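What the coordinates show
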Amino acid sequence: MSTPNCSRRNFLRNALLAPVGAALLPAASAAEDSAKKTPAGAAAVPTRKLGRNGPPVSMLIFGGDMAAYSPEHLDIGWSLGIRYFDTAAQYGNGNDELKVAQWLAKYPERRRDLFLVSKDHPRQGPEQLLTMIDRRLERCQTSYLDLYFIHGINPREYGPDSLNWPKSDAFKKVVEKLKSSGKVKMVGFSCHDDHSPEYLAAAAAGGFLDAVMVKYTPFFAKDSSFNQGLDACHQAGIGLIAMKTLRNAGDVPKRLPEFDQLGLTTHQALLQACWSDPRIAAVCNRMENVDNIQSSVAAVRSYKAPLKLAQLELLQATVLAGRRTMCPGCPACHQFGKELEFAFSDISRFVTYYEQDGKLAAREQYQQLPAARRDATRVDLAALRDACQFKTDYPEIIRRAEHYFA
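Residues numbered from 1 in each chain as written. Predicted model: local features only at pLDDT ≥ 70, side-chain atom pairs only at ≥ 80, totals over all residues. Heavy atoms only, no water.

Re the overall build of the chain
- Per the secondary structure count, the chain includes 20 helices and ten strands.
- Split into buried and exposed, the 406 residues of the chain put 57% on the buried side.
- Counted over contacts in the chain with a minimum sequence separation of 6, partners at least 24 positions apart contribute 76%. (Helix = DSSP H or I, 4+ residues; strand = E, 2+ residues; numbered from the N terminus. Buried < 20%, exposed > 50% of the residue type's maximum accessible area, 1.4 Å probe, protein only. Contact = heavy atoms within 4.5 Å.)

This is the structure in structure tokens:
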């Protein structure tokens, strides 16, 4: 059976063989076609081992909380070779896990080859995960998760003691119980807070967590506490997963001659810059439509060797020249974030969600911040901008936030 444009078999063949950046079927048409047929699909995308004791996982992750998170789009991702799906309790207004369940109901035989991750918010302490896991399994309609994360760990949501959780005996016992129950194979946390270096260091010191998903940039300072935290985790055998890697590149030129020669768009080059760090096992990427999925798969399949230093420097200069809404994570911003009551990094993230993703919920997230944390009148935003390694224009970002959300 075929659509007016092409059969499902032809779609998949064309998606894999088309030149980088070539247009594919509109997302709706491709998703409808996917629902009609279940092809054998392509071979799995390249893998890397997740930590010292983890399994090989897809270097490219089908990220959650986006428009293209439906059973049909998951099927397209799978058919193109992605074997790692990311989700969370709150993604898609709480519905993304149900999309996974719908997809697994159609293809139960694929569960054994799928690496499935979900996340939760145990605000009362890690022990809460022992009961929360049942809800995650019920929503995903699976008997186990391959990896279970504390979602977005940070001292403001989970309390200052959470900085010690990754090395605490209490969390270690929770991890042991989760694994012995058979409901979870691996346990870790995700973080994009200014305290990320401290959480990474604590995880390395504890040595019992399996993986960490962290906001990552390939342009980190080599002597930064963030890089030292990555090193410590890697040496401790903890798997590292990069996220929000393209959040600071929403308006970069789509093509540059230097990467045309490699058959890469600028965004594909940025993905390859992340894989150029051998400590990074996988990149969790937002793929909002079929073209994004195909382009990202093409990037991981064509990755053969780390980008050269000159190519990384060109990418950094290109990102710096753009109109960014988020600092990729530099030492100055990490330090300001720990010292200031003003939530400049959170506000920058909400503006990104609103502008790049069209998420109206960003307004509610902004308004839920305590008034003192939204009050920029006593903050030298220009000093923030000038200290930022990436010169993120905080005065302009805060003006936009107040216009959008206040």
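Looking at the pairing of strand β9 (residues 239-243)
- Taken across its five residues, β9 has five buried, putting it largely inside the fold.
- On β9, burial covers both faces: Gly 239, Ile 241 and Met 243 on one face and Leu 240 and Ala 242 on the other are all buried.
- Looking at chain direction, strand β8 (residues 211-215) and β9 are connected through five bridges and run parallel. If you follow Lys 215 over to β9, its bridge partner there is Met 243. (Pairing = 2+ DSSP bridges.)

Section: empty space enclosed by the protein
- If you walk through the whole model with that rule in mind, you get four cavities of 30 Å³ or more.
- Its volume calculated, the largest cavity comes out at about 100 Å³.
- Contributing to the lining of the largest cavity are 13 residues, with Asp 194, Lys 215, Cys 327, Ser 345 and Tyr 394 lying nearest its centre.
- At the level of elements, α15 (331-339) and α16 (344-357) are the ones that each hand at least two residues to the lining of the largest cavity.
- Partitioned by chemical class, the residues of the lining of the largest cavity number six nonpolar, four polar and three charged. (1 Å grid on protein atoms, 1.4 Å probe; cavity = no way out; pocket = protein on both sides within 12 Å on 5 of 7 lines; lining within 4 Å. Points joined across faces, edges and corners; volume = space filled by probe spheres on them. Nonpolar A, V, L, I, M, F, W, Y, C, P; charged D, E, K, R; others polar.)

Things to note about the environment of Leu 147
- Looking at where Leu 147 falls in the secondary structure, it is placed in strand β6 (residues 147-150).
- Measuring from C-alpha to C-alpha, the distance between Leu 147 and Asp 86 comes to 9.4 Å, with 61 residues separating the pair along the chain.

Notes on the packing of aromatic side chains
- All chains considered together, the criterion is met by 16 aromatic pairs.
- With 5.8 Å between their ring centres and 80° between their planes, Phe 171 and Phe 208 make a pair best called edge-to-face. Taken together, the positions of Phe 171 in helix α8 (residues 169-180) and Phe 208 in the loop between α9 (196-206) and β8 put the pair 37 residues apart, joining distant regions of the chain.
- Given a relative accessible area of 0%, Phe 171 falls into the buried group.
- A residue is classified by how much of its surface remains accessible, and Phe 208, at 11% relative accessible area, is buried.
- Between the aromatic rings of Tyr 354 and Phe 405, the centroid separation amounts to 5.3 Å while the plane-to-plane angle is 85°, which identifies the pairing as edge-to-face. In this pair, Tyr 354 sits in helix α16 while Phe 405 sits in helix α20 (residues 394-405), placing the two residues 51 residues apart along the sequence. (Phe/Tyr/Trp six-rings, centres within 6.5 Å; stacked < 30°, edge-to-face > 60°.)

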